[in-house]
Each structure stands twice: as structure tokens, then as C-alpha cells.
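# Architecture at a glance
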Amino acid sequence: MDNNQPIGIFDSGIGGTSIWREIHLLLPTEKTIYLADSKNAPYGQKSKEEIVTLSMKNTDFLLKLNCKLIVVACNTATTNAIKELRAKYNVPFIGIEPAIKPAATNSKTQKIGILATQGTLTSELFYNTTQKFHNTKIIEQVGHGLVQLIEDGQINSPEMNQLLHSYLQPMIEEDIDYLVLGCSHYPYLIPQIRKILPDHIHIIDSGEAVAKQTKKILQKTIGFSTSSDVAPLFYTNTNPKVLQEIIGCNYQVIQKEF
Ligand code: DGL
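Below is a summary of the structure that appears in this document.

Conventions and cut-offs
Residues numbered from 1 in each chain as written. Predicted model: local features only at pLDDT ≥ 70, side-chain atom pairs only at ≥ 80, totals over all residues. Heavy atoms only, no water. Phe/Tyr/Trp six-rings, centres within 6.5 Å; stacked < 30°, edge-to-face > 60°. Helix = DSSP H or I, 4+ residues; strand = E, 2+ residues; numbered from the N terminus. Buried < 20%, exposed > 50% of the residue type's maximum accessible area, 1.4 Å probe, protein only. Near = heavy atom within 4 Å. Polar contact = N/O pair within 3.5 Å; in protein donor to acceptor, adjacent residues only side chain to side chain. Areas by Shrake-Rupley, 256 points an atom, 1.4 Å probe, with all protein chains shown as cover. Axes fitted to C-alpha atoms, helices over the stretch in contact; angles between N-to-C directions. Parallel < 35°, antiparallel > 145°, perpendicular 65-115°, else oblique. Left-handed = near helix turned anticlockwise from the far one by under 90°. Contact = heavy atoms within 4.5 Å. Nonpolar A, V, L, I, M, F, W, Y, C, P; charged D, E, K, R; others polar.

### As for the packing of aromatic side chains
Tallied over the entire structure, the rule returns seven aromatic pairs. A centroid spacing of 5.2 Å and a plane angle of 80 degrees characterise the contact between Trp-20 and Tyr-251, whose relative ring orientation is edge-to-face. With Trp-20 in helix 1 (residues 17-26) and Tyr-251 in the loop between helix 11 (241-247) and strand 10 (252-255), this residue pair connects regions lying 231 residues apart in the sequence. Assessed through its relative accessible area of 1%, Trp-20 is described here as buried. Looking at Tyr-251, the relative accessible area reads 22%, which means it is partly exposed. Cluster of aromatic residues (ring-pair linked, three or more members): Trp-20, Tyr-34, Phe-234 and Tyr-251.

Here's what the structure looks like:
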């Protein structure tokens, strides 16, 4: 493994670009390769076995492109497959998990809400995390339909707004003071969510923490890149239109079967 190889990042679709953004911001001299498995999105309703198989397929693709480290920019894939990935491949993996700890630690009402996929909320890893915070009431809500609408470019649609209202209103009534976004697609919904939630409710996600962890692991293991080739590359296995819109026109998106 050599320090000038790229960092590989994958998600079930375009949502993990919210994590890529944080990594690119913190480590601008690293080359990043992002893989959007949009053809198979959403992962949230799939079985653990299917999620493991898809995560291995994505990892194989990124390793063929010579990546030195893999960021699983998907809560659903991390909570269901990271153990299996670490057991199979000889490369460091960074995962993303819902930020329950900072929310539970800082909550004054001792009530927090979490919006995530079914796959994340029913995972063993998520269950084990919640068991550490007995004194906090955790109100769980599956974000049915949200990922698909984001993948379809419907972030600002009335349908999205209606779904968000129906998911968040019960949490507001329960008096939460933290909302955890437990899916890497959801940071793109923060402007709409902010309009629905009262001002005193904090919204947190795990993007910055993942970027910091990536930096720490590189520092401790393979080292930082010194190469001048730092242009990020994006791969998708569907029509690249929505991905291109979300990252902006400065970056190259390649459409490819994988
Ligand atoms: N972006 C993903 C996550 O963080 C996956 C969503 C999905 O494909 O259902 O969970």
C-alpha cells in the first residue's frame, strides 16, 4: 500500500457525497474516488446478506482502482457489513454510524430523535450502541421514501416536505432536543428539516467525524499523499444527472456498469 494511492468512498447512491465533501475539505491533497451504487439504491430495505454482497462488490471495484483505504459512506452498509469487510480485505475501512453518543451526552431533555433507514435501525451494531445510553429516550423513525426521492432529484418536492413533516412531528411532540441524521443522504435535507423543527432542536450528522477519523487513520498507517494528481473522480452505475447536479459541474462523473 502506498501513500499516493487514492481514498475510495462508496455509498448506495449519491448521499455519501455529503461525507466525500467533508473528506475533501479536510484532506484536499488526497485524491478521492467516489462510487455511487445508485442502481441498487436504496439499501435500507435489503437483507443483511444482500448489503454485505453489494458492499463487497463496491469494495472490489475500488480496490481495482488501487485505493489505499475505503470509506463506507453509508450507515446502512456500515452497520450491516463492516465486520465482514474488515474480515475479508487487507485494507483499512472507515465506517459511518449514527451520532447517538454526542446527542445523548448533550441532551438536556434526555430525549433524542433518530431518522435512519430500516437496515440501520434494525442492525446489531445500532442496537449495541443504544444499549449504552439507558438514561436517554431514543425515538427511532425509519425515513421511508426519503432516499428514493433524493436519488430521483426530488429534494425540494412537496412529497418530501410531507414525509418529513410526518416523521418529525411526533418527535417534536415528544420534546426531543437533538435530531440525529443516521443516513448519509439526509444532510441534503437539512434546509427543509430546519424549517420544520423549532430552533432549539439541534441537528447532527457524522460527516465531520468520519473525515477526522480518515485523517487520523492515514496519519497512523499509510500516510498522506504527496502526488499532484488530486482531482476527485466519481463513478455511478445509473444516469449521472442527479449526481452531477449535487456535486457541481467542476467534477468528472463516469457512468459505468459495476
Ligand atoms: N446513504 C445510506 C445510509 O447512510 C443508504 C440509504 C439507502 O440506500 O437506503 O444509510
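### Topic: the site of the ligand
What surrounds the ligand is a group of 13 residues, the closest being Ser-12, Tyr-43, Asn-75, Thr-76 and His-185. The side chain of Ser-12 places a nitrogen or oxygen atom 2.6 Å from an oxygen atom of the ligand. Between the ligand and Gly-44, the relevant distance is 2.8 Å, taken from an oxygen atom to a main-chain nitrogen or oxygen of the residue. Alone, the ligand offers 300 Å² of accessible surface; in the complex the protein occludes 99% of this.

### Section: the packing of helix 1 against helix 10 (residues 207-220)
Remark: helix 1 packs on helix 10, axes separated minimally by 8 Å, with the N-to-C direction vectors making an angle of 45 degrees. It follows that helix 1 is oblique to helix 10 by the angle criterion. For the crossing formed where helix 1 meets helix 10, the hand is right-handed. Between helix 1, through Ile-19, Glu-22, Ile-23 and Leu-26, and helix 10, the contact on the second element is made entirely by Gly-207, Glu-208, Val-210, Ala-211, Lys-212, Thr-214 and Lys-215. Residues that form the contact of helix 1 with helix 10 fall into these classes: five nonpolar, two polar and four charged.

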